[in-house]
Every structure is written in C-alpha cells, then in structure tokens.
Amino acid sequence: MKKTLLAGLAVVMFAPLMAQASCESVKADITQKIVANGLPESGFKLDIVPNDQADQSGGQVVGHCGNDSQKIVYTKTADAGDTSAASPKTGTSQDSQ
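- The name an unreviewed UniProt entry assigns to the protein is DUF1161 domain-containing protein, from the organism Rahnella variigena.

**Side note on the state of the cysteines**
Phase 1: Inspection of the entire model under this criterion finds 1 disulfide.
Phase 2: What pairs with Cys 23 in a disulfide is Cys 65, and their sulfur atoms sit 2.1 Å apart. Taking the sign of the S-S torsion, 105° for the link of Cys 23 and Cys 65, the bridge is right-handed. Taken together, the positions of Cys 23 in helix 1 (residues 2-36) and Cys 65 in strand 2 (residues 60-65) put the pair 42 residues apart, joining distant regions of the chain. Of the two residues, Cys 23 and Cys 65, neither departs from the other in class, the shared state being buried.

**Description of the sheet that holds strand 1 (residues 44-50)**
Phase 1: Taken together, 3 strands build an open sheet; the order of strands is 1-3-2 and the sheet is antiparallel. The sheet is open, and its two edges are formed by strand 1 and strand 2, each paired on a single side. Sheet twist, expressed as the average angle between the axes of neighbouring strands with direction ignored, equals 30°.
Phase 2: For strand 2 and strand 3 (residues 70-76), the ladder comprises 5 bridges, and the chain directions are antiparallel. Its bridge partner being in strand 3, Gly 63 is matched across the sheet by Ile 72.

**Here we look at the confidence of the model for the protein**
Phase 1: For the protein, the average pLDDT comes to 76, and 59% of its residues sit at 70 or higher.
Phase 2: When the elements of the protein are averaged for pLDDT, helix 1 gives the smallest value, 73, and strand 3 the largest, 95.
Phase 3: Segment residues 83-97 is flagged for pLDDT under 50; beyond a separation of four residues in sequence, or across chains, it makes 0 contacts in the model.

**Regarding the environment of Val 73**
Phase 1: By secondary structure assignment, the location of Val 73 is in strand 3.
Phase 2: Accessibility expressed as a relative area gives 1% for Val 73, which makes it buried.
Phase 3: Separated by 13 residues in the primary sequence, Val 73 and Gln 60 place their C-alpha atoms 5.3 Å from one another.

Parameters at a glance
Residues numbered from 1 in each chain as written. Predicted model: local features only at pLDDT ≥ 70, side-chain atom pairs only at ≥ 80, totals over all residues. Heavy atoms only, no water. Disulfide = S-S within 2.5 Å. Helix = DSSP H or I, 4+ residues; strand = E, 2+ residues; numbered from the N terminus. Buried < 20%, exposed > 50% of the residue type's maximum accessible area, 1.4 Å probe, protein only. Pairing = 2+ DSSP bridges. Axes fitted to C-alpha atoms, helices over the stretch in contact; angles between N-to-C directions. pLDDT = per-residue confidence, 0-100. Contact = heavy atoms within 4.5 Å.

If you want it as structure tokens, here you go:
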C-alpha cells in the first residue's frame, strides 16, 4: 500500500516536469521549422506562456503544449535579417548614366 502511495505521489510531483519537457521539445521542433524556412535563430524568439497570458505577450501563438495548458508564442526580434537598412543599396553602372 505504501509503495503504491509513494509511486502515485511521485507521478503527481513529476507530472509538471514532464509537461515542461514536452513543451521544450515542441518549442525545439517549431524552432527547427522556422530556421528551415530561412529565418536565423537570432531573428525570432519563442516563449512558453500560460494560456491566460498568451494574448498579453504581444506575439503570435504558433503552438501549444502541456495538455493544452500553455501556448508557444512567436515574436520577431530586431535583428530578424532585414538587411535593407544595414547596407545601403548601390546602383549598377547603368543606373549612373
């Protein structure tokens, strides 16, 4: 009886850790897909937030995890690969004529 109670207690204690681990794996999968589409990893941020805070995070919900108790929110960062402002466009020899 004691062993069953201890095993049940261990499951209850470690369930949040297992849910967080699954959230991290979902977040890693989403990160891989975004990077595969050409955006560098420094160009975005993914946050795991509780469902009730997803609207206040200021980003776009791109996934969910933790038995649908948490959302994964995508936010584009300032160095998202927009090189147009960083390097001025130079014309060709035809432009100067």
